Amino acid sequence: MSDIRNIVILTGAGISAESGLRTFRAEDGLWEDHPVEEVATPEGFARNPDLVQRFYDERRAGILAAHPNAAHEALGRLDAEWSGELLIVTQNIDDLHERGGARRVLHMHGEGLSVWCQSCDARHRWTGTLRDSPSCPACGEVAMRPDIVWFGEMPYRMPEIFAAIARADMFVSIGTSGAVYPAAGFVQEANLAGARTLELNLEESLGSRNFDETRLGEASELVPAWIEEVLG
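For the protein chain, the name recorded in an unreviewed UniProt entry is NAD-dependent protein deacylase, with Aurantiacibacter gilvus as its organism. As stated in UniProt under Subcellular location (unreviewed entry), the record for the protein chain gives "Cytoplasm".

Rendered as structure tokens:
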């Protein structure tokens, strides 16, 4: 690992599943309760804002009740001790990476503990409900929605992500299904950049064939072991 200086890590729902947060696509996943079109599109929000606000109020409460697991804490250790470039790109809307100690984190799909005012474009940390239509602390308008990237919307900070992958010596994917683009295509970008690629997952993903190596098992076991290799 002595030739590795710049690392990009992609994390998905699998890394937080061991903290009790439900994934979206598993047999008991959140999309089994609600069709995607109802709760994760701008059109669904326009049709039934109360349903969407209630759905994300529940997600917010779940995030606040969850705790980082050993995988989050290991990535926090990596962030603290790694002297090269590091970017943890997460598809997750929880804050468990940050509570696990990581600081170099980018939430490409938004954050569950953030709200976005459609009137003044301000974003605010939010731990309560949106069902009672609170006004924006910045402008006073009643125009706040979850700060979440819905289907049909552009993920956040994509130029920054692609620039980091282009500089990466190593790309690691943790707990992802390989089903959601553009994140599912990051490994191909890393391959084009000549980076070493590693997948850590509970089972093979749709993109496993694109990685140099895949290790299967629980994130709370695989991630600390890999980080011990990197830092050791």
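### Considering the side chain of R59
With respect to the element layout, R59 can be found in helix α5 (residues 49-65). A distance of 2.9 Å separates a polar side-chain atom of R59 from the backbone oxygen of F55.

### Observations concerning the sheet that holds strand β6 (residues 144-148)
Taken in spatial order, the 3 strands make up an open sheet running β5-β4-β6, and their pairing is antiparallel. For this open sheet the edge positions go to β5 (123-125) and β6, each flanked by a neighbour on one side alone. Sheet twist, expressed as the mean angle between neighbouring strand axes with direction ignored, is 40°. As judged from the 4 bridges shared by strand β4 (residues 110-117) and β6, these two strands associate in the antiparallel manner. Among the inter-strand pairings, G110 is bridged to a residue of β6, identified as I148.

### Section: α5
Helix length check: α5, at 17 residues, gives a terminal C-alpha distance of 24 Å against a target of 24 Å (1.5 Å per residue), a fit within 8%. Taken together, the buried positions of α5 are L51, V52, Q53, F55, Y56, D57, R59, R60 and I63.

### Brief notes about the nonpolar core
Counting residues in hydrophobic clusters, the biggest one holds 24 residues, and the most contacted among them are I7, I9, L75, L78, I174, V223 and W226. A total of 6 residues in this core trace back to one element, the largest contributor, which is helix α10 (residues 219-231). Among the nonpolar cores identified, the runner-up in size contains 18 residues, and L10, A168, F171 and A190 belong to it.

### A short note on the pairing of strand β7 (residues 170-174)
Side-chain positions along a regular strand alternate between the two faces of the sheet. β7 sits mainly inside the fold: 5 of its 5 residues count as buried. The two faces of β7 match: M170, V172 and I174 on one face and F171 and S173 on the other face are all buried. Where strand β1 (residues 7-11) lies against β7, 5 bridges are found, and the strand directions are parallel. Bridged to T11 within β7 is I174. Relative to strand β8 (residues 196-201), β7 runs parallel, the two sharing 5 bridges. Residue pairing across strands places V172 opposite L198, the latter belonging to β8. Between the parallel elements β7 and β8, the chain passes through helix α9 (residues 186-192) in a crossover that is right-handed.

### Quick look at the state of the cysteines
Considering all chains together, one arrives at 0 disulfides under this definition. The thiol of C120 is unpaired, and the distance to the nearest cysteine sulfur, on C139, comes to 3.7 Å. In this structure C139 is a free cysteine whose sulfur lies 3.7 Å from that of C117, the closest cysteine sulfur available.

### A few points about the UniProt feature "active site" (unreviewed entry) in the protein chain
The positions that UniProt labels "active site" (unreviewed entry) are, in the present scheme, H109. Mapping H109 onto the fold places it in the loop between β3 (105-107) and β4. For H109, the side chain forms a polar contact with the main-chain oxygen of Q91, separated by 3.4 Å.

The rules behind the values
Residues numbered from 1 in each chain as written. Predicted model: local features only at pLDDT ≥ 70, side-chain atom pairs only at ≥ 80, totals over all residues. Heavy atoms only, no water. UniProt positions renumbered as here; feature names shortened; annotations may be inferred. Helix = DSSP H or I, 4+ residues; strand = E, 2+ residues; numbered from the N terminus. Polar contact = N/O pair within 3.5 Å; in protein donor to acceptor, adjacent residues only side chain to side chain. Pairing = 2+ DSSP bridges. Axes fitted to C-alpha atoms, helices over the stretch in contact; angles between N-to-C directions. Expected span 1.5 Å × (residues − 1). Buried < 20%, exposed > 50% of the residue type's maximum accessible area, 1.4 Å probe, protein only. Core = buried A, V, L, I, M, F, W, Y, C linked by side-chain atoms within 4.5 Å. Right-handed = clockwise from strand over helix to strand, strands pointing away. Disulfide = S-S within 2.5 Å.

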